[in-house]
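# Fold and contact review
If you want the building blocks of each chain, they are given just below.
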Amino acid sequence: MDIINILPDSVANQIAAGEVVDRPASAVKELLENALDAGASKVQLIIKDAGRTLIQVIDNGCGMSDSDARLCFERHATSKIHKADDLFAIHTMGFRGEALASIAAIAQVEMKTRQHDNELGTQVIIEGCDIKGQESCSCPAGTSLAVKNLFYNVPARRNFLRKDSIELSHIEEIFKRVALINYGTDFLFHSNGKILYDLHAGNFAERISQMFGNSSRERLCRVDEDTDIVKIHGYVTKPEFAKKTRGEQYLFVNHRFIKHPTLNAAIEKAYTDVIPERYYPGYFIHLEVDPSRIDINIHPTKTEVKFIDEHSLFAILRAAVKRAIGQFSLATELEFNPVEEVNFPPMPEGYVPKVPEVSYDPNYNPFHSTEKSSGSGYQSAKRSYKDDNPRSTAWTSFYDLQTEAKKEVQFAEPELLSPEPTISEKTTVDNTTPCLQIQNRYIISSLPSGLLIIDQHAAHERVIFERLRRQKLSTSAQQLLFPVNCQFSPADADIFTELMPDLKEYGFEIGNIGQTTFVITATPPDVKDSEIQQIFDQMLTEYKSAMLQKFADRNQCLCRSLASHMAIKAGVQLQQIEMQQLIADLFCCQSPGVSPTGKKTMTIVNPDNLLNDNLSK
Ligand code: ADP
Ligand code: MG
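If you're wondering where the values come from, they're calculated on a predicted model, not measured in any experiment.

Quick look at the pattern of salt bridges now. Tallied over the full model, the rule gives 16 salt bridges. Note that Lys 42 and Asp 186 form a salt bridge whose closest N and O atoms lie 3.1 Å from each other. Taken together, the residues Lys 42 in strand β1 (residues 42–48) and Asp 186 in strand β7 (residues 186–191) connect sequence positions 144 residues apart. Judged by its relative accessible area of 18%, Asp 186 falls in the buried class. One salt bridge connects Arg 293 with Asp 309, and the closest N-O pair in it is separated by 2.8 Å. Taken together, the residues span a long stretch of sequence, with Arg 293 in the loop between β13 (283–288) and β14 (294–295) and Asp 309 in the loop between β15 (306–307) and α10 (310–326) at a distance of 16 residues. Looking at Asp 309, the relative accessible area reads 12%, which means it is buried.

Under the criterion given, the structure shown has 19 aromatic pairs. An angle of 10 degrees between the planes, with centres 6.3 Å apart, marks the rings of Tyr 250 and Phe 252 as stacked. Judged by its relative accessible area of 3%, Tyr 250 falls in the buried class. An aromatic cluster of three or more residues is present, and its members are Tyr 183, Phe 204, Phe 212, Tyr 235, Tyr 250, Phe 252, Phe 257 and Phe 284.

A few words now on the environment of Gln 44. With respect to the helices, strands and loops of the structure, Gln 44 is situated in strand β1. Of the residues examined, Gln 44 reaches a relative accessible area of 26% and is grouped as partly exposed. Put simply, Gln 44 and Phe 187 are 143 residues apart on the chain and 5.7 Å apart in space, counted from C-alpha to C-alpha. Sequence-distant contacts of Gln 44, that is, excluding residues within four places in its chain, are made with Gln 56, Val 57, Ile 58, Leu 188 and His 190.

Take the confidence of the model for the protein chain next. Confidence in the prediction for the protein chain averages 79 pLDDT; 77% of positions are at 70 or higher. Below pLDDT 50 for its whole length, residues 329–377 participates in 146 contacts with residues either more than four positions away or in separate chains. This model gives residues 379–429 a pLDDT under 50, and the stretch forms 125 contacts once residues within four places in sequence are excluded.

So, how was this worked out
- Residues numbered from 1 in each chain as written.
- Chains lettered and ligands numbered in written order.
- Predicted model: local features only at pLDDT ≥ 70, side-chain atom pairs only at ≥ 80, totals over all residues.
- Heavy atoms only, no water.
- Salt bridge = Lys/Arg side-chain N within 4 Å of Asp/Glu carboxyl O.
- Helix = DSSP H or I, 4+ residues; strand = E, 2+ residues; numbered from the N terminus.
- Buried < 20%, exposed > 50% of the residue type's maximum accessible area, 1.4 Å probe, protein only.
- Phe/Tyr/Trp six-rings, centres within 6.5 Å; stacked < 30°, edge-to-face > 60°.
- Contact = heavy atoms within 4.5 Å.
- pLDDT = per-residue confidence, 0-100.

Dropping the structure here:
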């Protein structure tokens with residue numbers, strides 16, 4: 001007896017529908033994407049009862065002919081690919097020809113569509129795959145597709161729907177993903193008669209602020225990178241606005257929202273040294289890649305993507321974001337155009353580049369070294385300058401960016417020293433711009449482009465942090481005239497012993513005397529003898545609590561803690577030369593704009609703007 005049947009289309013479509021449409025939000029996604037594929041410049045989304053009773057999308061796209069209007073509900077009916085090869089050059093969102101067939105299998109659908117050249121349009125009514133009727137009608141050019149009573153014939157699915165508020169928030173999220181990256185299109189989104197979003201065509205930044213409020217402009221800095229394998233454009237949160245939850249994280253590839261754990265990690269990695277652990281940046285990043293080098297066909301809901309150049313993409317994306325946040329305070333406030341292009345030469349297939357790292361010479365000081373000045377808190381590291389130093393160009397190119405301002409540069413370029421400079425030869429710094437300290441807390445100085453205001457503690461934290469991270473400070477350790485003893489509880493003493501190798505790398509020289517007592521004979525340059533015990537106590541406390549967290553980076557956590565306790569505090573009065581050195585050191589940092597715990601270190605005010613603003617009011 002034969003027992004195999006071919007399932008009727010209606011049943012096959014219903015089964016397939018389960019994959020494509022599992023909740024109202026997925027139908028919304030398919031309809032919005034079809035509207036955009038049809039080239040619409042205006043798209044309206046109308047929702048009733050969180051999509052249970054109505055999901056309607058109205059577009060002014062190309063519309064369909066009478067027969068296409070019937071055919072589009074057939075399975076594998078698509079105008080977007082003709083042969084298997086087309087799959088590798090897809091520029092549209094849809095291509096499987098499944099969505100409308102699936103939706104029609106599980107809902108009552110009413111479609112009106114008209115091509116721009118035709119006077120009359122056509123209306124099609126379908127219920128659970130059966131065409132109930134088609135007739136000519138007059139309607140605006142474009143397509144209006146209404147999906148009513150979703151899952152009316154699949155009670156099991158209907159019963160699985162969550163509360164309206166939850167289903168609506170899924171719809172909203174889908175809407176945001178689509179509307180964010182299609183910023184050249186107008187969108188109007190109604191739910192139960194209320195307008196939730198009314199978005200006008202503009203650029204990416206405008207779309208982000210229309211959607212998330214104007215304050216997003218202050219929170220974001222721009223990322224721009226143009227390489228042979230990828231164009232990156234978008235915005236990431238400034239470190240000080242990182243949040244404890246992964247909130248607004250949007251990654252797009254070729255105008256399509258995607259999830260890609262590796263690339264998402266690349267962005268978060270760029271923040272490692274500038275925000276505390278367990279804080280997350282927000283981002284809106286668009287990658288444009290040659291469609292033949294990606295495979296979007298691996299998941300029916302198509303938020304997952306495979307890239308041929310994944311390793312390179314990771315490296316480039318991380319470097320691009322890192323650069324953007326390292327320079328944000330300068331880039332956005334001075335309105336630089338994107339700073340120095342990174343040029344990635346074409347890469348042979350399969351070539352895996354090294355993740356770019358900015359290299360440092362820990363011995364480099366652009367202003368030569370200073371003698372420790374008397375009295376107060378800020379002592380500069382004694383480092384010497386070598387003329388082949390990579391940082392020297394980084395430093396000077398910071399000012400090259402403002403060509404016109406270059407003449408006025410007041411920080412002299414470092415003068416080349418004889419091959420073997422001795423530290424004691426130099427007693428002054430080359431940054432001679434006068435500084436003013438206010439409230440013993442902020443330093444005011446001038447840059448060619450405006451007034452520079454620095455938070456002395458945050459800035460010094462950044463300087464020390466980067467110095468410690470570079471780790472090879474043992475050579476610049478300062479011998480103490482009188483060794484200092486430190487004592488810890490037995491448990492802390494154990495941890496301290498474990499950390500001694502790291503601390504030695506940072507420039508501490510430590511010996512054991514007894515189980516719980518240690519003698520410190522040398523420290524890195526910024527430590528005051530009287531504060532050593534306190535610095536270590538705080539470091540141990542913070543280290544213990546940080547290590548309770550998964551994935552904590554030991555080195556980073558130590559450096560952050562040491563930097564925050566070693567840095568000059570607010571309230572400490574500084575000498576002119578110390579302020580000048582601090583500014584010089586800060587600008588040699590990789591991420592000068594922000595402290596290791598995410599506080600802003602500086603701001604640059606353009607007095608012209610201030611005064612003109614006032615006059616115009
Ligand atoms: P896919 O988008 O994968 O091709 P769909 O089932 O979503 O499959 O749509 C089938 C076809 O119907 C599309 O290829 C397109 O030709 C047509 N179509 C769907 N929606 C619209 C629309 N809003 N405007 C014009 N044509 C449309
Ligand atoms: Mg589609």
